[in-house]
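Structure at a glance
So you can see what is in the structure, the chains are spelled out below.
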There are 4 protein chains.
Amino acid sequence: MCGIVGVYNSEEAANLVYLGLYALQHRGQESAGIATGDGKQIRQFRGMGLVADIFSEDVMKKLPGHCAIGHTRYATSGETVLCNAQPFVMNYAKGWLAIAHNGNLTNATKLRKELEAGGSIFQSSMDSEVFMHLIANEPERSLKDRIISACQDVEGAYSLLFLGEDLMIAVRDPYGWRPLVIGKKGDTYVVASETCALDLFGATFERAVEPGEVIIWNKEGMKSYMLPTKPARRAQCVFEYIYFARPDSDVFGRNVYQMRVGYGKELAKKHPTKADIVIPVPDSGVPAAIGYAAEAGLPFQMGLIRNHYVGRTFIEPQQSIRNFGVKLKLNPVREILKDKRVVVVDDSIVRGTTCKKIVGMLRRAGAKEIHMRISAPPTKWPCYYGIDTPTREELIAASHSIEETCKFIGADSLEYLTEDELFWFDKKPGEWFCDACFTGNYPTPVDIK
Amino acid sequence: MCGIVGVYNSEEAANLVYLGLYALQHRGQESAGIATGDGKQIRQFRGMGLVADIFSEDVMKKLPGHCAIGHTRYATSGETVLCNAQPFVMNYAKGWLAIAHNGNLTNATKLRKELEAGGSIFQSSMDSEVFMHLIANEPERSLKDRIISACQDVEGAYSLLFLGEDLMIAVRDPYGWRPLVIGKKGDTYVVASETCALDLFGATFERAVEPGEVIIWNKEGMKSYMLPTKPARRAQCVFEYIYFARPDSDVFGRNVYQMRVGYGKELAKKHPTKADIVIPVPDSGVPAAIGYAAEAGLPFQMGLIRNHYVGRTFIEPQQSIRNFGVKLKLNPVREILKDKRVVVVDDSIVRGTTCKKIVGMLRRAGAKEIHMRISAPPTKWPCYYGIDTPTREELIAASHSIEETCKFIGADSLEYLTEDELFWFDKKPGEWFCDACFTGNYPTPVDIK
Amino acid sequence: MCGIVGVYNSEEAANLVYLGLYALQHRGQESAGIATGDGKQIRQFRGMGLVADIFSEDVMKKLPGHCAIGHTRYATSGETVLCNAQPFVMNYAKGWLAIAHNGNLTNATKLRKELEAGGSIFQSSMDSEVFMHLIANEPERSLKDRIISACQDVEGAYSLLFLGEDLMIAVRDPYGWRPLVIGKKGDTYVVASETCALDLFGATFERAVEPGEVIIWNKEGMKSYMLPTKPARRAQCVFEYIYFARPDSDVFGRNVYQMRVGYGKELAKKHPTKADIVIPVPDSGVPAAIGYAAEAGLPFQMGLIRNHYVGRTFIEPQQSIRNFGVKLKLNPVREILKDKRVVVVDDSIVRGTTCKKIVGMLRRAGAKEIHMRISAPPTKWPCYYGIDTPTREELIAASHSIEETCKFIGADSLEYLTEDELFWFDKKPGEWFCDACFTGNYPTPVDIK
Amino acid sequence: MCGIVGVYNSEEAANLVYLGLYALQHRGQESAGIATGDGKQIRQFRGMGLVADIFSEDVMKKLPGHCAIGHTRYATSGETVLCNAQPFVMNYAKGWLAIAHNGNLTNATKLRKELEAGGSIFQSSMDSEVFMHLIANEPERSLKDRIISACQDVEGAYSLLFLGEDLMIAVRDPYGWRPLVIGKKGDTYVVASETCALDLFGATFERAVEPGEVIIWNKEGMKSYMLPTKPARRAQCVFEYIYFARPDSDVFGRNVYQMRVGYGKELAKKHPTKADIVIPVPDSGVPAAIGYAAEAGLPFQMGLIRNHYVGRTFIEPQQSIRNFGVKLKLNPVREILKDKRVVVVDDSIVRGTTCKKIVGMLRRAGAKEIHMRISAPPTKWPCYYGIDTPTREELIAASHSIEETCKFIGADSLEYLTEDELFWFDKKPGEWFCDACFTGNYPTPVDIK
């Protein structure tokens, strides 16, 4: 997954983008980069690791300009190497162009092969490079037209920011998989993956970039265009609500925290149990656990303490570290758990191994009964639209029934939300979500891995 | 404040100490170090920053030995420079000795002047260096005797670990200001500031190092001695319960999380208010807010979301960063707060500036009423025993009444626990706490700064 | 300028390439890189700075494989940024391919524009990227054929190494501008810019890669092909003799040291003067000064001492540093110079500013007369074939007569070799040199800058 | 060995010291540091490695002040760790004091034991720390008196610089082992190990600090005192002439380059041989080889080319690297050597291993005869006064006759200067040199290692 942020018309564009990336750090901790335009040239700096570690004052001084885009990345496609960090800058017939991409293309391999057959060369393993090649073709046409044309060639999820020497372009795919919002602060325009980035530097939320919309900012102001492609229905990623987005963000027009509290309440209503306390797996399970406890009338407690000097489980790429990481990251509060019947709320079970370790940890801390409640349906299918999930083989719910999973993790009971319960809230007219990771109903053709 | 950890009799002593420092990272993020002994020599590595950044695999390879001590530091005395990082290693008549110190001496300046008048030289600004000079004197006596003798010269708080080539010594001052516990894992002994460090590597809690106790581990096993000094009463730091220790730790024989929930309950009982929701200032206010909400029968919500990619407010040394840090660190969830009467629970108000910013932030997010509840009495006096507090002048409660403070921070109401309410729990026989930061009753003579 | 080295069929291919780069460090100090192939994939590491600083043991461990190519670079085209470091690795229809290029293409801008017009994108400002695009075209043909075809499209100087997962290819342009030699050590083949790289790891010199030759090493051994293009005459860079190559190397079949001693002797024969001592501008002027002194029967002395902890003047990119650098780099030995008539031998005068500073320095050290002797003709024209020379405007000899230059630098006399004297040695049959920097007779069309 | 430099009364004291360290880099490449005084406090920065790598612009900004001292170090006593880098800064009864020390104390171990017995603690393994303890004693006396008193306690070699907040003190031991000179530039005073440091920033040489002299610079100007100790004779290190100092420096009132040319001439006169060419082992053997060739009437040639991207053999601490280093560092020019009778001039043979490799290298390059000539007597005894020599056991000349050494290195002949020939030049009245490394006549009592 990735976070993107762009700023147009500010004397400290790079600085605002830097802050935006700070706010979006939860969307990717592998690498980050900023590209700026000052009307004459594009400058860029990328590095591996956290935003706070990559950008020093010295680096920021080398990024002047009134427009800038930034990217924070977790590897969904491509290896973990610097040449895969974004923004990705290319030089082509019309000069320089930078791109920052959140999402994943489902026909990238096919397009890449076609491009390579036509003589194109690639220097990274990112599918975003495919975009660049498509845009560089037919340079006699306008950039806007070439972007629109490229968007018709690609399939999959893309919230994009482009940066020219003196222009910024935002694009969201017609399905609207990934969020992308517009804010304003004085005369400065801001585009970001989530509203929390707007909050950080005091920009006010204007509106979302609509699915299929192309917005161009340049000296003449902001202009909007629509991609000609109209899919039968949209496909907003429901997993942004369940796990990915920051709870203080509004995503797809709803507050993420409230959504998660709602999932917890729904869980308590439909999947109740006799228990003494409700605890979350921190931090992602906290709002749902609060909702569960409130609905069930049970005490909410922080029975597992998280060591915040370590990164997010889900987002760490190396299995070997992750295993040890559970102990490094979570420690039970024995006095809270001892001889208690405990409801444990988490947002998902992926491979089941982390969950199993947590159950064992709670058991050893004295919990009498452990009732696992997941604030989403079982994750059975890989995501091809930008979220880093393992292959089907590794997803425990793909091959195990709920009972079998319960046994594997060692809990006394395990309940998920059903797919119906997932949509307990009122959808807006014409609104539709992608829930392919639960149902396998992929909105576009994919090769199941 | 600092965290210390020691390991005796393990093939991977340095590795266990490293993990212990990881668990104690919340006690100090400025620098960290490890010293090891292999029976023949002492090796050492220190660096600035977080444990995870300082110790690479390469560094760990250079720290062989069966005993090791480690230290993670936040500057309480001395500047922020590498030569102030601990463990501090000295060479003296009897060979090499390393020290790791948690606490603060109240007569260090006086002792230092006396030592300097006698020709001693100092290479750091740490008061721990005073200890070393005192111990190096009269080398013809045994190390144990010299440590005991040095402890009689110094005043103030000290939980200490010493490391020789083949021995480890733990000392806790007669007042028992700072915690220090002993754990065991097989034949390996572990000493650490908090029990959460024992948990991380699976050691079982044995007992606390008693106030005034000196424990020596060497080839002949573990032996305990008592310092001859017997103060009239002990002085366990109550602020470890309120703020400093990790909630999953047991400190002074009580679970910290439970203590904080208790403070919240006490607050709700004695300082109730009409409200719609209870929210904590995360992370430190969470358990007390849970207690408050439970006792008051109000919904608990995470109305402020913390960005964990930034460090702790309290612990950041530069005022200029801290101001900006509130925005960087906390973001309100508008949908939760809008038009609500909100009880906000935090553990302390130091200068009042951060609190003021939080109240403003909540106000702008739509909160109708803001009722600040602090799970401790007003902090009116500086700590001289190891906690980094500003001078009296900077402490808002030293010069402002509760009403004035309430006005300054802009809340609708502000209530603290009284000093009596702070001790709602049953003290053990002979148990006494240091609450000087609230009362000014310093257990030892100090020069008020 | 750049140095390249490749190794085929060695268990420690990367290590040998590393040593080769060490030996070729004088050909470029801006960046260096190594790519390896292990039969299955290509790995790569590049960095800014010196070989010794870029490649640690950790890095080397990540470069397994039986074939490898390396590159050490000084910017001749393109900015000073990491993305311009080589080897340059691309992914195209046929897999991965790495390239290391010494030289400069004279039609790169034109080709680049054509490629961009056809939709190609570029990610660096190196003209070597043009090669990659040309090779990626028409992927249905064999790699050898595409390389040969690409070589017919480009103009200018190129000594190239390509690396596939299990193959290495060496190419030298038909003019033979840059040297490229083949060595052998047991069953291992080595290709390098200069023979000094072969010496370092004990390989024996086999033969040069001939101008226009394409050599492929793969499992079936080594095969040679010739490019169809046959220029009327070759164009070996005479400046390799004068300045660039290491004196212990054999270049174009002659020992560089001997050539330089010969230049010095020729200078003494044709441009004698009355003097007391002969001193070189170290290090480049040493062999010619030895030759001059021997021929003239004058004492040779090291009247200027070089501080070797600083880099080469010619090769440092920043004017501001270079100016100070003369003082940092050279210090006169007063006792040697005082009241002496001094012949100073250097290999070239570029802008004249460094030379002027040296003359001033010698004057202040007490030299009575200063007779500057340059072991080459005046540098009047920029090089477009890989040597970093400034524009015509900056070349003092382009706008100043020898007398004017002499006056500018403040010497008592100044003499150069004539163009005839430059070729005092016997050329082999059909041998021809590029001396365009002296004569402006560029072997290929160029746009004078 | 070490280089030291101090500046008093300059707005950019740290910058001048930095340049001075650059010029003295040949005296030590292991670590370097600068301490500055601004009238109120002392600041300091030290690091491992080369001056150019340690001091960035950022670091220099943090070193304001009008007086400064610097140190560049090669380990003679103590391990290779940062805490052994100098300047060494201490806090004692009278405030802060920094020290930079070139030389080695012969009674450091004894003094250290005495100090430790008195309760002193040590944090480094440097004997310079002993000085600091001695000076800190009896703080009621003036700093000058305490320095003088400390100098009477220590034995051995010391050229010292002290820095207070607003004062600089230079001290040279009564024997005068190590050089120390005073320069002036406007109102700024400069003190440095060698005159080449004065040259670099345009200071003019004033005079040497005399053996036994203590010079204090403060607001009242410069004042000179003499240590009461008067040894029977001085002991200037003759090895500074032979190898250590930079040839462009004047040391002990003589130009080093001229001295080395003189050694070469003496060698040729007293130890002639039939030969075709004379070559140096670069760089240290160059002046002597020039002298030999001139005297013998033989052609001087650079038959071995040095790769300057590697450090000095003598100064590299790790044996394992050094062995490989000969190949990395030196490459023969075959065309010069082939079928020739070669005189090879070097300054010393230490273990004999490097020399043996060089002879083998020349042999393989085709030399018909190899006549080794050393511009000094055989090195038979370790130095205890600051030069890093191995133990007696490792010195080949300590256990092998010249014939045996010749056989070991594989030369056709080997000749050294005799001890008499070493002093071919006129000594000044009362001048005496330390030649203990050749004769074993140590001017002070030492424990032979």
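Residues numbered from 1 in each chain as written. Chains lettered and ligands numbered in written order. Predicted model: local features only at pLDDT ≥ 70, side-chain atom pairs only at ≥ 80, totals over all residues.

This next bit is on the interface of chain D and chain C. With 33 residues of chain D at the contact, the number on the chain C side is 33 residues. In terms of residue count, helix α10 (residues 286–296) of chain D provides more of the side of chain D that touches chain C than any other element does, four residues in total. The residue inventory of the side of chain D that touches chain C, partitioned by class, reads 21 nonpolar, seven polar and five charged. (Contact = placed C-beta atoms within 7 Å. Helix = DSSP H or I, 4+ residues; strand = E, 2+ residues; numbered from the N terminus. Nonpolar A, V, L, I, M, F, W, Y, C, P; charged D, E, K, R; others polar.)

This part is about the relation of the copies chain C and chain A. Each copy of the sequence occupies a distinct position, and chain C is placed on chain A by a rotation of 180° and an axial shift of 0.1 Å, giving an RMSD of 0.1 Å. Seen this way, the second copy is the image of the first under a two-fold rotation axis. Identified as the residue of chain C closest to the rotation axis by C-alpha distance is Ser120 of chain C, at 3.3 Å. Interface overlap between copies is the fraction of interface residues in one copy that are interface residues in the other; for chain C against chain A it reaches 100%, indicating a shared surface. (Least-squares fit on C-alpha atoms with pLDDT ≥ 70 in both.)

In this assembly, 18 residues from chain C lie in contact with 18 residues from chain A. Listing elements by their share of the side of chain C that touches chain A, those giving two or more residues are β5 (88–92), α4 (108–117) and α5 (128–136) of chain C. No other element matches the four residues that β5 of chain C contributes to the side of chain C that touches chain A.

Residue and element names in this part refer to chain B. Of all five residues that make up strand β5 (residues 88–92), four are buried, and the element is covered over most of its length. Looking at chain direction, β5 and strand β6 (residues 95–105) are connected through five bridges and run antiparallel. The residue bridging Asn91 from the neighbouring strand is Trp96, located in β6. Linking two consecutive strands that pair antiparallel, namely β5 and β6, is a turn of two residues. (Buried ≥ 20, exposed ≤ 12 C-beta atoms within 10 Å, placed from the backbone. Pairing = 2+ DSSP bridges.)

When the domains of chain A are assigned, the result is domain 1 (2–231) and domain 2 (257–439). Each of domain 1 of chain A and domain 2 of chain A has a C-alpha centre, and these two points are 33 Å apart. (Domains from an automatic or database assignment.)

On to the relation of the copies chain D and chain C. Rotating chain D by 180° about the axis while translating it 0.1 Å along that axis superimposes it on chain C, leaving an RMSD of 0.1 Å. Both copies present the same face, since 100% of the interface residues in chain D are matched by interface residues at the equivalent positions in chain C.

Attention now goes to the arrangement of the chains. Between chain B and chain C there is no contact, and the shortest C-alpha to C-alpha distance separating them is 10 Å. Chain A makes no contact with chain D; the smallest distance between any of their C-alpha atoms is 10 Å.

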